[in-house]
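In case you want the letters, here they are:
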Amino acid sequence: MTSITCIDDLRQLARRRVPRAFFDYADRGSYSEETLRANREDLLRLRLRQRVLVDVSERDLSTSIIGEPASLPFSLAPIGLCGMQRGDGEILSARAAQAAGIPFALSTMSICSIEDVAAAVDKPFWFQLYVMRDRGFVRALIERAIAAKCSALVLTLDLQVLGQRHADVKNGMTVPPEIRIKNVLDIMTKPGWAISVLRGKRKNFGNLAGHVKGMESVNSLAHWIAGQFDPALSWKDVEWIRSIWPGKLILKGVLDVEDARLAAKCGASALVVSNHGGRQLDGAPSTISALPKIVDAVGSEIEVMFDGGIRSGQDVLRALALGARSCMIGRAYIYGLGAGGQAGVAKAIDIIRQELDVSMALTGTRRVADIGKHIVLGEAR
Ligand SMILES: Cc1cc2nc3c(=O)[nH]c(=O)nc-3n(C[C@H](O)[C@H](O)[C@H](O)COP(=O)(O)O)c2cc1C
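Presented here is a report on the structure given in the accompanying data block. (Residues numbered from 1 in each chain as written. Predicted model: local features only at pLDDT ≥ 70, side-chain atom pairs only at ≥ 80, totals over all residues. Heavy atoms only, no water.)

### Description of the packing of helix α2 (residues 20-27) against helix α15 (residues 331-362)
When two helices pack together, their arrangement is captured by the angle between the axes and the distance separating the axes.
Thought 1: Contact pair α2 / α15: the axes reach a minimum separation of 10 Å and the direction vectors enclose 160°. When the axes of α2 and α15 are compared, the pair comes out roughly antiparallel. Like other packed secondary-structure pairs, α2 and α15 cross with a definite hand, here left-handed. Counting all contacts with α2, which are made through Phe23, Ala26 and Asp27, the residues of α15 involved are Arg331, Ile334 and Tyr335.
Thought 2: Taken together, the residues of the contact of α2 with α15 break down into 4 nonpolar, no polar and 2 charged. (Axes fitted to C-alpha atoms, helices over the stretch in contact; angles between N-to-C directions. Helix = DSSP H or I, 4+ residues; strand = E, 2+ residues; numbered from the N terminus. Parallel < 35°, antiparallel > 145°, perpendicular 65-115°, else oblique. Left-handed = near helix turned anticlockwise from the far one by under 90°. Contact = heavy atoms within 4.5 Å. Nonpolar A, V, L, I, M, F, W, Y, C, P; charged D, E, K, R; others polar.)

Structure below.
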């Protein structure tokens, strides 16, 4: 991995190593991908302010995230189907995150189950919850997360219905992969991927196995989600979840100030300014453009996290400068997972760490707590 110097290198490698349907599933966004692009473009528009002759010999990237010490100001976002980027992908990612001293969030739609991951790692991880129509099953999932000693529940709010991702439709994205000539030929050119997935603990959704009917083979992920996820989800349900989950709660998928105000009143530890990485409402604003208003409105009441479009340490710095207390990274680490398993995720984290460290130094910043609006020159659109 010595020739890998940036997240885009990991992306190129993942593109070569992961079957097209799963690479595209990770890489692409919904509809015409306006919001996916806006997340990147608006981040890049923010110029960092170069400062010189500040003593930056002692630098510290550590911080706390929802009250827990973290060695870096970011966590690994919940990502469905990690185990289809690389066999046991959730375990590999959790191990890389824990080795780096940062939180890992396990998706409801993971291949390894909550219990698989809990048995494979030493420290607690976060569990991300999608609310299904079957509330008995939701309660059971929460009880499993409690039993596995998960240290936070990440409740995702922005996927009551699924935004269409054209690539998934065109690629016939299924779990496990559908036996089509095109897919078989593709998989034959990715033997490393095939071996890792065959050796992996599971080939379907580990948290749902045996609990949800019809998920043994999900022929159309989109169709299946439409049948299971609850479009009637409301703030009342958040109250209910708050009442049965005793630990820290993170509300993920807030993009609007009014929603942020409601979220701040729910007894949650944090909210995540997120548009699901440009995979849901196409045409929604970029997360970096929404961040400052949300921080102004509720930043003193609730910890504000940020995700969407982060591909470098400079991007983490931009988001923290506009008021995020920490970031979540999604695709950046998924490319690492597809490119090189646990070592690839570790590489992604390390690339971002080094970029953040150097960029802090070059902006004359020694500590995460010293990052502020003064280090950016442009305003997010
Ligand atoms: C392949 C993929 C799968 C995702 N699955 C989930 C999921 O299961 N639950 C969830 O809350 N968010 C999910 N997300 C959204 C991420 O948690 C995060 O919000 C997003 O990836 C951030 O944008 P970025 O990828 O540009 O960093 C997913 C994102 C991607 C790219």
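### Comments concerning the state of the cysteines
By definition, a disulfide links the sulfur atoms of two cysteines through a covalent bond.
Thought 1: Under the definition given, this model contains 0 disulfides.
Thought 2: With no disulfide of its own, Cys150 has Cys112 as its nearest cysteine by sulfur position, at a separation of 14 Å. (Disulfide = S-S within 2.5 Å.)

### With respect to the pattern of salt bridges
Thought 1: One pass over the structure, following the stated rule, counts 17 salt bridges.
Thought 2: Residue Asp357 is joined to Arg59 by a salt bridge in which the shortest nitrogen-to-oxygen separation is 2.7 Å. A residue pair is termed long-range when its members are at least 10 positions apart, and Asp357 in helix α15 and Arg59 in the loop between α3 (34-45) and β1 (63-65) qualify at 298 residues.
Thought 3: Residue classification places Asp357 among the buried residues on the basis of a relative accessible area of 17%.
Thought 4: Residue Arg59 is classed as partly exposed on the basis of its relative accessible area, which comes to 36%. (Salt bridge = Lys/Arg side-chain N within 4 Å of Asp/Glu carboxyl O. Buried < 20%, exposed > 50% of the residue type's maximum accessible area, 1.4 Å probe, protein only.)

### Examining the site of the ligand
Thought 1: As a structural note, the neighbourhood of the ligand is formed by 21 residues, with Pro78, Ser107, Thr156, Asp307 and Gly309 the closest of them.
Thought 2: Gly80 is positioned with one of its backbone polar atoms (N or O) 2.9 Å from a nitrogen atom of the ligand.
Thought 3: Side-chain polar atom of Lys252 to an oxygen atom of the ligand: 2.9 Å apart, as the coordinates give it.
Thought 4: Considering the ligand on its own, with 600 Å² of exposed area, one finds that the protein chains cover 98% of that surface.
Thought 5: A molecule is said to occupy a pocket when more than half its atoms come within 2 Å of that pocket's grid points, and by this definition the ligand occupies the largest cavity.
Thought 6: A per-class count over the shell around the ligand returns 6 nonpolar, 10 polar and 5 charged. (Near = heavy atom within 4 Å. Polar contact = N/O pair within 3.5 Å; in protein donor to acceptor, adjacent residues only side chain to side chain. Areas by Shrake-Rupley, 256 points an atom, 1.4 Å probe, with all protein chains shown as cover. 1 Å grid on protein atoms, 1.4 Å probe; cavity = no way out; pocket = protein on both sides within 12 Å on 5 of 7 lines; lining within 4 Å. Sits in = over half its atoms within 2 Å of the grid points.)

### Here's the deal with empty space enclosed by the protein
Thought 1: Counted under the stated rule, the structure contains 3 cavities of 30 Å³ or more.
Thought 2: Of the pockets and cavities examined, the largest cavity occupies roughly 460 Å³.
Thought 3: Contributing elements (two or more residues each) for the lining of the largest cavity: α2, α10 (221-228), β10 (326-329) and α15.
Thought 4: Residues belonging to the lining of the largest cavity are distributed by class as follows: 17 nonpolar, 10 polar and 6 charged.
Thought 5: By volume, the second largest cavity amounts to about 70 Å³.
Thought 6: What lines the second largest cavity is simply Pro19, Arg20, Ala21, Phe22, Gly172, Met173, Thr174, Pro177, Glu178, Asn183, Asp186 and Ile187.
Thought 7: The set of elements that each furnish at least two residues to the lining of the second largest cavity consists of α2 and α8 (181-188).
Thought 8: When its residues are assigned to classes, the lining of the second largest cavity shows 6 nonpolar, 3 polar and 3 charged. (Points joined across faces, edges and corners; volume = space filled by probe spheres on them.)

### A closer look at the layout of surface pockets
Here the idea is plain: a probe the size of a water molecule rolls over the atoms and shows the empty space left.
Thought 1: One number sums up the size of the largest pocket: a volume of about 580 Å³.
Thought 2: For the largest pocket, the lining is made up of 26 residues, of which Leu157, Asp158, Gly253, Leu255 and Asp259 are closest to its centre.
Thought 3: When residues of the lining of the largest pocket are traced back to their parent elements, those giving at least two are α11 (235-244), β7 (248-254), α12 (257-264) and α13 (287-298).
Thought 4: With 4 residues, α13 is the largest single contributor of residues to the lining of the largest pocket.
Thought 5: Its residues placed into classes, the lining of the largest pocket shows 14 nonpolar, 8 polar and 4 charged.
Thought 6: Volume-wise, the second largest pocket comes out at about 350 Å³.

### Focus on the sheet that holds β10
Thought 1: Taken in spatial order, the 8 strands line up as β3-β10-β9-β8-β7-β6-β5-β4 in an open sheet, and their pairing is parallel. Lying at the two open borders of the sheet, with one neighbouring strand each, are β3 (74-76) and β4 (105-106).
Thought 2: Taken together, the 4 bridges between strand β8 (residues 270-273) and strand β9 (residues 303-306) define a ladder with parallel strand orientation. Across the sheet, residue Ala270 finds its bridge partner in β9, namely Glu303.
Thought 3: Those strands touched by α11 are β5 (126-129), β6 (152-156) and β7, and its axis lies near 160° from that of β7. (Pairing = 2+ DSSP bridges.)

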